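# Topology and contacts: notes
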Amino acid sequence: MKKIFSSLVIIFSLLMASCTPSSEARMVKSGEVWLDTDGNMINAHGGGMLYHEGTYYWYGEYKGDSTYWNPRVPSWECYRTEAGGVSCYSSKNLVDWKFEGVVLPSEQEDVTSDLHYSNVLERPKVIYNDATKQFVMWLHVDSHDYGKAASGVAVCDSPTGKFEYLGSMRPNGEMARDMTLFKDDDGRAYHIYSSEDNSTLYISLLTDDYLRPSGHFTRNFPRAFREAPAVFKHKGKYYVLSSGCTGWDPNQAQYAVADSMLGEWTVMGNPCSGKDAHITFYGQSTHVLKVGEESYMAMFDRWNKTDLINSRYIWLPLTFKGDSIDIAWQEAWDVKVVIGK
Ligand code: GAL
């Protein structure tokens, strides 16, 4: 009897051991170090995700490896790293990420270039233009002290670069810092950015080629200081998730809903629930990925302001109850919840 019992224990342990690696490999563990398929730490902060022909492409800030408090900006916690450009990782399953390289590298020589490593290159987002067949990137480009407050545009005919930088502007003649892009079902695309010194969120329809503002824009949440916007659409309604304005420090998230991208927006409150929900799990929104018709994943950065390259990622399923959204804290969750396979 004893022998049978110990054999059963061995068989059970072997079964558990053979199950563990595959189920482990499918788990998303927010806040932990994430490695790419070469075993290097993933460096794609303030990022966005593009799904194109069966592959997910994750674009983000490729941060330099030393962080310093900008000595020329003593008045606020202007921690920064040298800008490395925009990195790209690809995956079929949202868990195994292959480094595709730095698809928009920073400039090493020309100090007058927006892309010079001494400047700020943040929150890159890429969308695909079906008519021009170009991958179009917009990003926040700034001077070392965040005084330039502009948006840069780059294009490529492949998702994995190298992107051609076309230049920067203050869209619609106003400041632009934290930003995202949203491509609607009808092919129209919008640039959403914190303007007027971060106090007001602008939503700007882009031209058909996605390379410039069309001139048609709205001012939203005036004087509410919303940053880190992430936009998605669910059952015909538009949602914008955003953070407050406290630099690298976390604060409470908020979302709003509208029947049209250009507004009017109704503020709904904090979508986060569970441990540390009042400070967005120590994170800040950057993107919401829609998978299929009904599944969503919210992406956040957990900034480490004194060692920015060691900032972590928080990815969580986003669910709906009617028109209300919930992003519940989970230490670990199976990616099948979102991608369904
Ligand atoms: C945050 C912003 C980040 C970065 C940081 C600099 O508010 O969301 O992307 O710009 O400020 O302090």
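Report follows, based on the coordinates. Small disclaimer: the values here were computed from a predicted structure and weren't measured.

This brings us to the sheet that holds strand β12 (residues 200-206). Judged by pairing direction, the sheet is antiparallel, and its 4 strands sit side by side in the order β10-β11-β12-β13 without closing on themselves. Both edges of this open sheet fall to β10 (179-183) and β13 (213-220), since each of them pairs with a single strand only. Within the sheet, the average angular offset between the axes of one strand and its neighbour, ignoring direction, is 25°. By the bridge criterion, 5 bridges tie β10 to strand β11 (residues 189-195) in an arrangement that is antiparallel. When the bridges of β11 are listed, T180 appears paired with I192.

In this description, a pair of aromatic rings is defined by centroid distance and the angle of the planes. In the structure shown here, the tally under the stated rule is 28 aromatic pairs. Between F182 and Y238, the aromatic rings sit 6.0 Å apart at their centres with planes inclined by 85°, giving edge-to-face as the arrangement. Of this pair, F182 sits in strand β10 while Y238 sits in strand β15 (residues 237-243), placing them 56 residues apart in sequence. A residue is classified by how much of its surface remains accessible, and F182, at 8% relative accessible area, is buried. Overall, Y238 belongs to the buried group, its relative accessible area being 7%. Considering the side-chain rings of Y239 and F320, the 5.2 Å spacing of their centres and the 75° angle between planes classify their relative orientation as edge-to-face. One end of the pair, Y239, is in strand β15; the other, F320, is in strand β21 (residues 312-321), with 81 residues separating them in the sequence. A connected cluster of aromatic rings, assembled from ring pairs, spans W34, W58, Y62, Y89, W97, F99, Y313 and W315.

The ligand sits among W76, E122, R123, Y146, D178, E227, G247, W248 and Q284. Within the side chain of D178, an N or O atom sits 2.5 Å from an oxygen atom of the ligand. For the ligand, an oxygen atom lies 2.4 Å from a polar atom in the side chain of E227. If the ligand stood free it would expose 310 Å²; the protein chains cover 95% of that surface. Taken together, the residues of the shell around the ligand sort by class into 3 nonpolar, 2 polar and 4 charged.

Burial analysis of β12 places 7 of its 7 residues in the buried class, the great majority of the element. Two strands pair when backbone bridges link them, and β11 and β12 are joined in this way by 6 bridges, in the antiparallel orientation. Residue pairing for β12: I192 is matched across the bridge by I203. In this antiparallel pair of consecutive strands, β11 and β12, the connection spans 4 residues, and E196 shows a positive phi of 50°. Pairing analysis gives 5 bridges linking β12 to β13, with the strands arranged antiparallel. The residue of β13 that forms the bridge with L206 is P213.

What counts and how
Here, residues in each chain are numbered from 1, in the same order as that chain's written sequence. pLDDT decides what is reported in this predicted model: residues at 70 or higher carry local features, side-chain atom pairs at 80 or more are listed and counted, and totals for whole chains, interfaces and linings draw on all residues regardless. As a convention, hydrogens and water are excluded, and side-chain values are obtained from all of the structure's heavy atoms. DSSP-based pairing: two strands are paired if at least 2 bridges between them are found. Helix numbers and strand numbers start at the N terminus; a helix is a DSSP run of H or I with at least 4 residues, a strand a run of E with at least 2. Note on method: axes are straight lines fitted to C-alpha atoms, helices fitted across the in-contact stretch only, with angles between N-to-C directions ranging 0 to 180 degrees. Pairing of aromatic rings covers Phe, Tyr and the six-membered ring of Trp, with a centre-to-centre limit of 6.5 Å; geometry is then stacked below 30 degrees between planes, edge-to-face above 60, and tilted otherwise. Relative accessibility decides the category of a residue: with a 1.4 Å probe and only protein chains considered, values under 20% of the type maximum give buried, values over 50% give exposed, and everything between is partly exposed. For this description, a residue counts as near a given molecule or strand if any of its non-hydrogen atoms is within 4 Å of it. Between N or O atoms, a polar contact is any pair within 3.5 Å; within protein, one atom must be a potential hydrogen donor and the other a potential acceptor, and residues adjacent in sequence are included only when both atoms are from side chains. Each accessible area is a Shrake-Rupley estimate made with a 1.4 Å probe; only the visible protein chains count as cover when residues are assessed. Only Asp, Glu, Lys and Arg are considered charged in this grouping, and only Ala, Val, Leu, Ile, Met, Phe, Trp, Tyr, Cys and Pro are considered nonpolar; every other residue, Gly among them, is considered polar.

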